[in-house]
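# Structural characterization, general
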Amino acid sequence: MPIINSAIPSFSVQAFHQGAFRTVTSKDVLGKWSVFFFYPADFTFVCPTELGDVADIHPELQKMGVEVYSVSTDTHFTHKAWHDASPTVKKIAYPMLADPTGTLTRGFGVHIEEEGLAYRGTFVCDPEGRVKIAEIHDNGIGRDAKELLRKIQAAQFVASHPGEVCPAKWKPGAATLKPGLDLVGKI
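What comes next concerns the included structure. Note that the structure is a prediction, hence the values are computed from the model and not measured. (Residues numbered from 1 in each chain as written. Predicted model: local features only at pLDDT ≥ 70, side-chain atom pairs only at ≥ 80, totals over all residues. Heavy atoms only, no water.)

### Brief notes about the overall build of the chain
Note the cut-off: Secondary structure follows DSSP: runs of H or I at least 4 residues long count as helices, runs of E at least 2 residues long count as strands, and numbering of each begins at the N terminus. C-alpha atoms define the radius of gyration in this analysis, and the globule rule sets the expected value at 2.2 Å times the number of residues to the power 0.38. Only protein chains enter the calculation, and the probe is 1.4 Å; a residue is then buried if its accessible area is under 20% of its type maximum, exposed if over 50%, and partly exposed in between. The contact criterion used is simple: two residues touch if any of their non-hydrogen atoms lie within 4.5 Å. Accessible areas in this description were obtained via Shrake-Rupley with a 1.4 Å probe; residue shielding takes into account the shown protein chains only. Residues scored as positive are Lys and Arg, those scored as negative are Asp and Glu, and His as well as the terminal groups of each chain are ignored. The atoms used to mark charge sites are NZ of Lys, CZ of Arg, CG of Asp and CD of Glu.
Each helix and strand in the chain was counted, giving 5 helices and 9 strands. Taken from N to C terminus, the helices and strands of the chain fall in the order β-β-β-α-β-α-α-β-α-β-β-β-β-α. Here the C-alpha radius of gyration of the chain, 17 Å, is about what a compact globule of 187 residues would show, namely 16 Å. Taken along the three principal axes of its C-alpha coordinates, the chain extends 55 × 35 × 30 Å. Residues counted as buried form 47% of the 187 residues belonging to the chain. For the chain, restricting intrachain contacts to residue pairs at least 6 apart in sequence, the fraction spanning at least 24 positions comes to 63%. Taken as a whole, the chain presents about 9500 Å² of accessible surface, with 57% of it coming from carbon and sulfur. Charge centroids of the chain, computed over 19 positive and 21 negative side chains, lie 6 Å from each other.

### Concerning the packing of aromatic side chains
Rules: Aromatic pairing here means that ring centres of Phe, Tyr or Trp (its six-membered ring) are within 6.5 Å. Orientation follows from the plane angle: under 30 degrees is stacked, over 60 is edge-to-face, and everything else is tilted.
By the definition in use, this model includes 11 aromatic pairs. Aromatic side chains Phe11 and Phe36 sit 6.0 Å apart centroid to centroid with 90 degrees between the ring planes, which places their arrangement in the edge-to-face category. Within this pair, whereas Phe11 is found in the segment before strand 1 (12-17), its partner Phe36 is found in strand 3 (residues 33-38), the two being separated by 25 residues in sequence. Owing to a relative accessible area of 5%, Phe11 belongs among the buried residues under this scheme. Of the residues examined, Phe36 reaches a relative accessible area of 0% and is grouped as buried. Ring geometry for Phe157 versus Trp170: centroids 5.2 Å apart, planes at 45 degrees, classification tilted. In this pair, Phe157 sits in helix 5 (residues 145-160) while Trp170 sits in the segment after helix 5, placing the two residues 13 residues apart along the sequence. Relative accessible area serves as the criterion here: at 18%, Phe157 is assigned to the buried category. Through a chain of ring-to-ring contacts, the aromatic side chains of Phe11, Phe36, Phe38, Tyr69, Phe108 and Phe123 assemble into a single cluster.

### Looking at the pairing of strand 1
Note the threshold: Here the rule is simple: two strands pair whenever DSSP picks up at least two bridges between them.
Strand direction decides the pairing type here: strand 1 and strand 2 (residues 20-25), joined by 6 bridges, are antiparallel. Across the sheet, the residue bridging to Val13 is Val24, located in strand 2. As consecutive antiparallel partners, strand 1 and strand 2 are separated by 2 residues, and within that stretch Gln18 has a phi angle of approximately 50 degrees, a positive value. Alignment of strand 1 against strand 5 (residues 96-98), held across 2 bridges, turns out to be antiparallel. What sits directly across from Phe16, in strand 5, is Met96.

Shape is all these values report; function is a separate question.
Quick look at the structure:
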């Protein structure tokens, strides 16, 4: 079954967030746009570059009503230790979800059974908890937070402008398209 427009899985996990441990549930993410940003493991190589990149755009995402949840199969204790040890990870202000049982990684289809780790998966969900964007990378390929930001802007635009769609490389303020018979074969 395709994940696009499917509901996020039901979950309750521990998180490290702003110096404290707390529980985050699937109900907590409803009511605002959310990004689930899966990565293989703490104390690795590409992962901190990606998490730091997302941390750089996090204030802008928050202004757009979007919360980020990074997720790995590490524990919340490991997230804290990594946060305390890494200057890059220290700048993270979004919740770092712990998924040692693989509930979330399996629920989003990014769990690597043989390794107990996650693929690099990015999922953007609307306020109703429906997946609108899904992207999965092999673990050697890092992601770009600015492209994620652009995709979220497009998803929010489409959600608030029924009947309009965003073409390739669309950015806020650029022209959109209104699908219809008059456009067939003209693009």
